[in-house]
Structure formats: structure tokens, C-alpha cells
Amino acid sequence: NKQERNKARHQLSLGFDDLLKAMNNHLNEDGYASVLLPFNEHQFWTQYLFKNSWSISHLLEIVPLKNKSANRVVSLCTLKPSVKTITDKLVIYEQQGLYSERFSQLISPFYL
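Draft legend 1. Layout of the overall build of the chain. A count of helices and strands for the chain gives four helices and five strands. Secondary structure elements of the chain, listed N to C terminal, follow the sequence α-α-β-α-β-β-β-β-α. Residues counted as buried form 27% of the 112 residues belonging to the chain.

So, in C-alpha cells, the structure goes:
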């Protein structure tokens, strides 16, 4: 239903405090947590992580269409201090209806 879809797409029930608590409770000091957020929310998430002694080792900006700005960000979060963040970008569509080559390779195992 529409309410469930909205809940899945937006942070309505799991706040940053709850997410970080779960990460702290379930990951060992060498563990990683992958988090996908809308681009703007990710900026707040990054600040929140740093204030709580976490770092981001990898950052993937997801761009829906070539020559557009990223609308989602996947971050690989870690308790390891002062890691250098490796940033990458994934373009989904080269043009409307045409997947980028990289995205096509990424999803190819899921198609017959």
C-alpha cells in the first residue's frame, strides 16, 4: 500500500540514533555497515557519524541520469578512525530508457 511504500522510501520509523545504536550493538570493531540515503539526508548522516566517532570508508553517489546530480548515496561506515574516504559515482541511465554500461554490468546477474 502507499503508506508502506512511503515508509520504505523515507526515514519515518528508524532514526539516526536507532540506526547507530544497532550498528554499535551488532558490529565488531572491524565491521562495516552499508547505508543508503537520499543525498541531502546523507549530509546530516555524515555529520552525525563523525560526531559519534565513526568514519566513512567508501561513498557511492547514485546518479539517476547522466549529467544530473546524485539523488542517493550509499556509504560504507566503519569504527576505524580517520579512514580516507574513497568516493565513486554510479550513473544509472545514459539517456532516458538506456542503462549505462556500468549499471548494466552490475544488474546483469539478475536478468536471464
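Okay, back to it.
Draft legend 2. Examining the packing of aromatic side chains more closely. Scanning the entire structure with this criterion turns up five aromatic pairs. Taking the centre distance of 5.0 Å and the plane angle of 50° together, the rings of Tyr 99 and Phe 103 count as tilted. Classification of Tyr 99 by relative accessible area gives partly exposed; the value is 33%. Ring pairs connect the aromatic residues Phe 16, Trp 45 and Tyr 48, which therefore count as one cluster.

Draft legend 3. The side chain of His 42, seen in detail. The topology assignment puts His 42 in helix α3 (residues 39-51). Not counting chain neighbours up to four residues away, the residues in contact with His 42 comprise Leu 37, Ile 56, Leu 59, Val 73 and Ser 75.

Draft legend 4. Looking closely at the packing of helix α2 (residues 16-26) against α3. Packing of α2 against α3 leaves a shortest axis separation of 11 Å and a crossing angle of 50°. One element, α2, and the other, α3, form an angle in the oblique class. Considering only the axes of α2 and α3, their crossing is right-handed. On the side of α2, the interface is formed by Phe 16, Asp 17, Leu 19, Leu 20 and Met 23, while α3 contributes Glu 41, Phe 44, Trp 45, Tyr 48 and Leu 49. Within the contact of α2 with α3, the residues separate by chemical class into eight nonpolar, no polar and two charged.

Draft legend 5. Looking closely at the pairing of strand β3 (residues 72-78). As paired strands, strand β1 (residues 32-38) and β3 are joined by seven bridges and run antiparallel to one another. Bridged to Ser 34 within β3 is Leu 76. Strand direction decides the pairing type here: strand β2 (residues 55-65) and β3, joined by seven bridges, are antiparallel. Across the sheet, residue Ser 55 finds its bridge partner in β3, namely Thr 78. What sits between β2 and β3 in their antiparallel hairpin is a turn of six residues, with Asn 67 showing a positive phi close to 70°.

Draft legend 6. Structural view of the sheet that holds β3. With respect to topology, five strands assemble into an open sheet ordered β1-β3-β2-β4-β5, the strand pairing being mixed. Both outer strands of the open sheet, β1 and β5 (98-99), are each paired with one neighbouring strand and no more. Pairing geometry for β2 and strand β4 (residues 86-95), over seven bridges, is parallel. Bridged to His 58 within β4 is Ile 86. In the packing of α3 onto the sheet, contacts are made with β1, β2 and β3, and the angle to β1 comes to roughly 145°.

Criteria and thresholds
- Residues numbered from 1 in each chain as written.
- Predicted model: local features only at pLDDT ≥ 70, side-chain atom pairs only at ≥ 80, totals over all residues.
- Heavy atoms only, no water.
- Helix = DSSP H or I, 4+ residues; strand = E, 2+ residues; numbered from the N terminus.
- Buried < 20%, exposed > 50% of the residue type's maximum accessible area, 1.4 Å probe, protein only.
- Phe/Tyr/Trp six-rings, centres within 6.5 Å; stacked < 30°, edge-to-face > 60°.
- Contact = heavy atoms within 4.5 Å.
- Axes fitted to C-alpha atoms, helices over the stretch in contact; angles between N-to-C directions.
- Parallel < 35°, antiparallel > 145°, perpendicular 65-115°, else oblique.
- Left-handed = near helix turned anticlockwise from the far one by under 90°.
- Nonpolar A, V, L, I, M, F, W, Y, C, P; charged D, E, K, R; others polar.
- Pairing = 2+ DSSP bridges.

Keep in mind these numbers describe shape, not what the thing actually does.
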